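Each chain, written out:
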Amino acid sequence: MIQPSKKHAKVKKTMSGLIALSLLSSLAIPSIAGAAPSETFKIQIDSVSVQAGQSVHVPVTLKKPERNEVTSYNMQVDYDSTALEIVRITPKYGKTEYPGCAENTEGCFQYHFDNESGWVRIIWADFTAGNHNILSEQQLFDIEFKAKSNATSGVKQLTIQNDSEHWNFSNSIYQQPAEWSGGAITITGGGSSGGGNSGTPTPSNPSTPPTSSTGGTPSTSTSQAATTTPSTPAVTKGVDIYVNGLKQEQSATASTSTIGNQVTTTVKVDNEKVITQIGSGLRSVMLPITGTGADKVVGELNGKLVKAMDGKDAELILQTDFGTYTLPANQLQIDRLASELGAGSSLDNIVIQLTVSKSSETTKAIVEAAAAAKQSNTNIVGSPIDFEVRATVGEKQVQVNQFDTYVERTITLPDDIDPTKITTGVVLLSDGSVLHVPTKVSNTDGHYSAVINSLTNSTYALVYHQAAFDDIASHWSRNDVEDLASRMIIQGTSEGTFAPDRSITRAEFTAVLLRSLGLHTPKGTEAIAFSDVSESSWYADEVQTAVSYGLVNGYSDDSFRPSGVITRAEALTIISRAMNLVELEQASSSETAALLSSYTDGNSVQTWAADPVASAIKQGLVEGSDGKLMASSSISRSQTVAIVKRLLSKAGLI
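Just so it is clear, the model here is predicted, and its values are computed rather than measured.

> In this structure, what is going on with the overall build of the protein? I would like to understand it.
Helices and strands together make up the secondary structure of the protein, namely 12 helices and 30 strands. The buried share of the protein, reckoned over its 654 residues, is 54%. Excluding contacts between residues fewer than 6 apart, the proportion of contacts in the protein whose partners are at least 24 apart in sequence is 75%.

> It is not clear to me how the packing of aromatic side chains should be interpreted in this structure. Could you clarify?
Think of a pair of aromatic rings as described by two things: how far the centres are apart, and how the planes are tilted against each other in angle. Under the counting rule described, the total for this entry stands at 13 aromatic pairs. Their ring planes at 45° and their centres at 5.4 Å tell us that Phe 469 and Phe 498 sit as a pair that is tilted. Taken together, the positions of Phe 469 in the loop between strand 30 (459-464) and helix 6 (478-486) and Phe 498 in the loop between helix 6 and helix 7 (506-517) put the pair 29 residues apart, joining distant regions of the chain. Like Phe 469, the residue Phe 498 is buried in the burial classification. Ring pairing ties together the aromatic residues Tyr 73, Tyr 93, Trp 124, Trp 167 and Phe 169, which thus form one cluster. Between Arg 409 and the ring centre of Phe 387, over which it is positioned, the NZ or CZ distance is 5.5 Å.

> What's the story with the side chain of Asp 480 in this structure? I'm lost.
Note that Asp 480 resides in helix 6. On the basis of relative accessibility, which here comes to 18%, the residue Asp 480 falls in the buried class. Among the polar contacts listed, one links the side chain of Asp 480 to the side chain of Lys 645, at a separation of 3.3 Å.

> Honestly, the pairing of strand 28 (residues 439-444) in this entry has me stumped. Any pointers?
Within a regular strand, side chains alternate between the sheet's two faces. Inspection of the sheet shows strand 28 paired to strand 29 (residues 447-456) by six bridges, in the antiparallel sense. Bridging from a neighbouring strand, Val 441 pairs with Ala 450 of strand 29. Here strand 28 hands over to strand 29 after two residues, with Asp 445 in that stretch at a positive phi of 55°.

> I tried to follow the packing of helix 9 (residues 568-581) against helix 11 (residues 607-618) on my own but got confused; where do I start?
To describe two helices that pack against each other, one gives the angle between their axes and the distance between the axes. Between helix 9 and helix 11, whose axes approach to 8 Å, the crossing angle comes to 65°. The way helix 9 lies across helix 11 gives a crossing that is left-handed. From helix 9, Ala 569, Glu 570, Leu 572, Thr 573, Ser 576 and Met 579 reach across to helix 11, where they touch Trp 608, Ala 609, Pro 612, Val 613, Ser 615 and Ala 616.

> Honestly, the pattern of salt bridges in this entry has me stumped. Any pointers?
Side chains that differ in sign of charge can pair as their charged atoms come close. In total, this model carries 19 salt bridges according to the counting rule given. With a closest N to O distance of 3.1 Å, Asp 483 and Arg 487 form a salt bridge. Members of the salt-bridge network, linked through shared partners, are Asp 480, Asp 483, Arg 487 and Lys 645.

> In this structure, what is going on with helix 9? I would like to understand it.
Since there are 3.6 residues in each turn of an α-helix, residues three or four apart along the chain are aligned in direction. The terminal C-alpha atoms of helix 9 lie 20 Å apart, and with 14 residues this matches the ideal 20 Å at 1.5 Å per residue to within 8%. Summarising burial for helix 9: 12 of the 14 residues are buried, a large majority. Every buried residue belonging to helix 9 is among Arg 568, Ala 569, Glu 570, Ala 571, Leu 572, Thr 573, Ile 574, Ile 575, Ser 576, Ala 578, Met 579 and Leu 581, and all of these are buried. Looking at the buried side of helix 9, the elements it contacts are strand 25 (402-412), strand 29, helix 7, helix 11 and helix 12 (637-650). Just downstream of helix 9 lies Glu 583, where phi reads positive at about 60°.

> What is the right way to read the environment of His 436 from this model?
With respect to the helices and strands, His 436 occurs in strand 27 (residues 434-437). Considered as a pair, His 436 and Ala 461 are 25 residues apart in the sequence and their alpha carbons are 9.8 Å apart. Setting aside its immediate chain neighbours within four residues, His 436 contacts Thr 424, Gly 425, Val 426, Arg 487, Met 488, Ile 489, Arg 515, Ser 516 and Gly 518. Within the structure, His 436 has its side chain in polar contact with the backbone oxygen of Arg 515 (distance 2.8 Å).

> Would you mind going over the environment of Leu 301 with me for this structure?
Here Leu 301 shows up in strand 19 (residues 296-302). Residue classification places Leu 301 among the buried residues on the basis of a relative accessible area of 6%. Along the backbone, Leu 301 and Ile 350 are 49 residues apart, and their C-alpha atoms lie at a distance of 8.4 Å.

> Which parts of the structure should I look at to understand the packing of helix 6 against helix 12?
Direction vectors running N to C along helix 6 and helix 12 enclose 70°, while the axes themselves pass 9 Å from each other. The orientation of helix 6 relative to helix 12 falls into the category roughly perpendicular. As for the relative orientation of helix 6 and helix 12, their crossing is left-handed in sense. When helix 6 is examined against helix 12, the residues Asn 479, Asp 480, Val 481, Asp 483 and Leu 484 are found in contact with a partner set consisting of Val 641, Ala 642, Val 644 and Lys 645. Among the residues making up the contact of helix 6 with helix 12, the classes are represented as five nonpolar, one polar and three charged.

> Would you mind going over the sheet that holds strand 9 (residues 154-157) with me for this structure?
One key point about sheets: their strands pair by backbone hydrogen bonds, in either a parallel or an antiparallel sense. The sheet built from three strands is open, its strands ordered 2-14-9 with mixed pairing. The strands lining the two open edges of the sheet, one partner per strand, are strand 2 (48-51) and strand 9. Mean inter-strand twist for the sheet, computed between neighbouring axes without regard to direction, equals 30°. Two elements, strand 2 and strand 14 (residues 184-188), share four bridges in a ladder whose sense is parallel. Residue pairing in the sheet places Ser 49 in a bridge with Thr 186 of strand 14.

> What exactly am I supposed to notice about the environment of Lys 312 here?
If you trace the backbone, Lys 312 turns up in the loop between helix 3 (303-309) and strand 20 (315-319). Exposure remark for Lys 312: the relative accessible area of 33% places this residue in the partly exposed category. Along the sequence, Lys 312 and Pro 328 sit 16 residues apart, while their C-alpha atoms lie 9.3 Å from each other.

> Can you walk me through the sheet that holds strand 8 (residues 138-147) in this structure?
Ordered by their spatial adjacency, five strands build an open sheet running 5-8-3-1-13, and the pairing between neighbours is mixed. Each end of this open sheet is capped by a strand with a single partner; those strands are strand 5 (84-91) and strand 13 (178-182). Across the sheet, the mean angle separating the axes of adjacent strands is 20° when strand polarity is ignored. Direction of pairing for strand 1 (residues 41-45) relative to strand 3 (residues 55-63): antiparallel, over a ladder of four bridges. Note that in strand 3 the partner of Gln 44 across the bridge is Thr 61.

> Whenever I open this one, unusual backbone geometry confuses me. Can you help?
For residues other than glycine, phi is negative in most cases, and the peptide bonds are mostly trans. Although it is not a glycine, Glu 583 sits at a positive phi angle of roughly 60°. When you line up the elements, Glu 583 lands in the loop between helix 9 and helix 10 (589-597). Of note, Asp 626 is a non-glycine position whose phi angle comes to about 55°, a positive value.

> Explain the nonpolar core here, please?
In globular proteins that are soluble, nonpolar side chains generally tend to be buried together. Grouped together as the largest cluster of nonpolar side chains are 63 residues, with contacts concentrated most on Ile 490, Leu 513, Leu 517, Leu 519, Leu 551 and Leu 647. When residues of this core are traced back to their parent elements, those giving at least two are helix 6, helix 7, helix 8 (540-548), helix 9, helix 11 and helix 12. Counting residues per element, this core draws most heavily on helix 9, at eight residues. Leaving out residues up to four positions away in the same chain, Leu 551 has contacts with Leu 513, Leu 514, Leu 517, Leu 519, Ala 546, Ile 574, Arg 577 and Ala 578. Formed by 60 residues, the second largest nonpolar core is a distinct cluster that contains Ile 275, Phe 322, Leu 354 and Phe 403.

> How should I be thinking about the pairing of strand 7 (residues 119-125) in this particular structure?
The element strand 7 is extensively covered by neighbouring structure, given that six of its seven residues are classed as buried. With seven bridges connecting them, strand 4 (residues 72-78) and strand 7 associate as antiparallel partners. What sits directly across from Ser 72, in strand 7, is Ala 125. Counting the residues in the hairpin turn of strand 6 (residues 108-114) and strand 7 gives four residues, including Gly 118, whose phi is positive at 85°.

Thresholds applied
- Residues numbered from 1 in each chain as written.
- Predicted model: local features only at pLDDT ≥ 70, side-chain atom pairs only at ≥ 80, totals over all residues.
- Heavy atoms only, no water.
- Helix = DSSP H or I, 4+ residues; strand = E, 2+ residues; numbered from the N terminus.
- Buried < 20%, exposed > 50% of the residue type's maximum accessible area, 1.4 Å probe, protein only.
- Contact = heavy atoms within 4.5 Å.
- Phe/Tyr/Trp six-rings, centres within 6.5 Å; stacked < 30°, edge-to-face > 60°.
- Lys NZ or Arg CZ within 6 Å of the ring centre and 35° of its normal.
- Polar contact = N/O pair within 3.5 Å; in protein donor to acceptor, adjacent residues only side chain to side chain.
- Pairing = 2+ DSSP bridges.
- Axes fitted to C-alpha atoms, helices over the stretch in contact; angles between N-to-C directions.
- Left-handed = near helix turned anticlockwise from the far one by under 90°.
- Salt bridge = Lys/Arg side-chain N within 4 Å of Asp/Glu carboxyl O.
- Expected span 1.5 Å × (residues − 1).
- Parallel < 35°, antiparallel > 145°, perpendicular 65-115°, else oblique.
- Nonpolar A, V, L, I, M, F, W, Y, C, P; charged D, E, K, R; others polar.
- Core = buried A, V, L, I, M, F, W, Y, C linked by side-chain atoms within 4.5 Å.

Here you go:
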């Protein structure tokens with residue numbers, strides 16, 4: 001059986017970002033009189049140093065609330081706009097895409113900042129009625145500030161609006177007392193001190209805030225905060241990158257700093273220098289950032305350089321100690337991004353960031369729980385890795401999460417991990433579940449890595465899961481079935497039983513193919529309806545996704561016939577369409593007749609299926625039986641497994 005997929009509530013896409021922000025703000029829950037909790041949430045805003053004209057990251061962290069959980073928070077941070085400006089806000093817990101974030105395991109994160117007035121408003125909420133609360137100590141977000149080149153030296157304090165409208169933390173029942181500390185930015189290398197801080201006195205201890213608020217009520221006294229160690233200031237140096245495989249000396253700068261407990265290295269490409277060096281023959285730009293001890297590596301370039309790479313099959317490669325991300329430049333669709341960001345023709349202003357980072361402990365725990373829930377006896381191998389791409393112009397930001405072709409990323413295996421203990425890679429979905437993605441283990445000079453191909457960005461992890469079935473012990477399909485079952489692509493009909501010779505339905509075949517290809521969400525938003533596919537059916541999402549990718553279609557009477565047994569000709573037609581997605585060559589019209597004639601019943605293949613069946617023969621995906629194709633016969637579960645595995649192997653995906 002194909003395991004039914006869990007249905008989730010649908011959220012109508014009717015809200016703009018600002019409307020969503022207002023909605024999230026309204027989620028502040030008023031206290032219940034006489035029952036307010038005594039425990040206080042503590043928010044740490046790191047204190048950092050930065051040179052005038054340079055940027056610095058300021059992490060904002062929720063300290064462990066012990067027995068309480070955070071359902072929503074709302075805060076406004078003020079800063080001296082004569083000396084500082086915000087470059088970007090990066091959520092560390094929560095997703096910005098609305099309404100998809102409403103079902104995300106990390107909830108919804110929204111923000112807005114004003115560099116003229118000097119304030120930023122951040123709001124986060126869990127829409128699932130308590131399923132995705134913040135349970136433990138967690139970095140909430142990161143603010144990247146730039147010290148203006150004319151800023152005066154001195155300490156610039158970040159301050160909190162301490163009224164209930166601008167400072168509010170709630171659990172599932174109460175508005176919760178909260179206090180903050182830190183938030184001093186020391187500017188060096190500027191002019192003489194004297195610029196002030198928008199009327200806020202400069203504290204003698206940068207880790208002691210001028211005010212503290214609790215429970216959303218204005219504070220009448222200043223509480224002493226615990227002294228914290230400031231983040232390590234970023235150290236910037238010139239680094240070499242590789243263009244078209246050739247070293248380009250000092251064509252980028254790298255800065256490494258410690259933010260909280262996370263070591264982050266950011267590499268900024270000298271865009272004009274690279275463009276000048278390569279002229280019109282750009283094929284690849286590789287940023288090899290290794291040996292820094294970083295937990296997170298960010299590669300940064302602008303839209304102009306991406307445009308120079310677009311249309312030339314050129315790739316961006318970000319190489320780290322724990323993973324490598326290889327992204328074809330044309331998959332960024334830079335012109336579309338420029339339109340979405342309102343950048344027009346000013347591609348220089350678009351900042352493109354590729355990020356490879358080790359997942360947080362919270363995310364790792366979610367992946368482990370999801371893998372265990374999906375299949376028993378499943379273990380996570382090593383640490384999950386986050387792969388992310390974003391484009392920004394000022395305060396506008398677009399996450400690039402979906403691609404038209406498979407994008408390769410690798411997870412480097414530590415030397416103490418046995419590569420034979422990896423059966424597949426999985427991707428963490430927005431609903432907190434995991435799904436197989438095409439994965440293979442490679443060996444380069446004695447060092448192992450897992451190569452994952454996917455059409456999306458997210459968190460990826462490696463798992464070990466061994467599957468076996470009693471009724472295939474001596475069956476010809478045993479190796480293929482156990483391989484795909486261990487990859488969590490197929491399941492048995494009952495405990496220890498696979499039923500290899502049972503026919504497979506159209507819905508089941510569609511689901512198996514999608515799982516094997518790692519397709520889990522529709523391409524685009526167009527709704528497709530069939531008269532016999534209800535929204536409540538377990539296969540509704542699978543059918544929608546398969547249709548959006550052009551893999552399946554229905555009949556002339558607007559039916560899909562999900563429970564109907566699929567024939568070999570129909571199955572191979574769908575497989576032929578999948579060959580386009582994995583870039584396997586189809587049979588030409590001149591080859592079709594010759595390929596079919598090698599089978600005794602080849603001339604009986606229906607006209608509509610002739611080319612697809614011939615293409616499957618050409619790629620060795622189908623072999624037939626006793627010299628026959630039996631195109632009109634039903635296809636069995638074991639035959640489906642064999643064909644799907646050959647498709648993935650031939651495409652180099654496993």
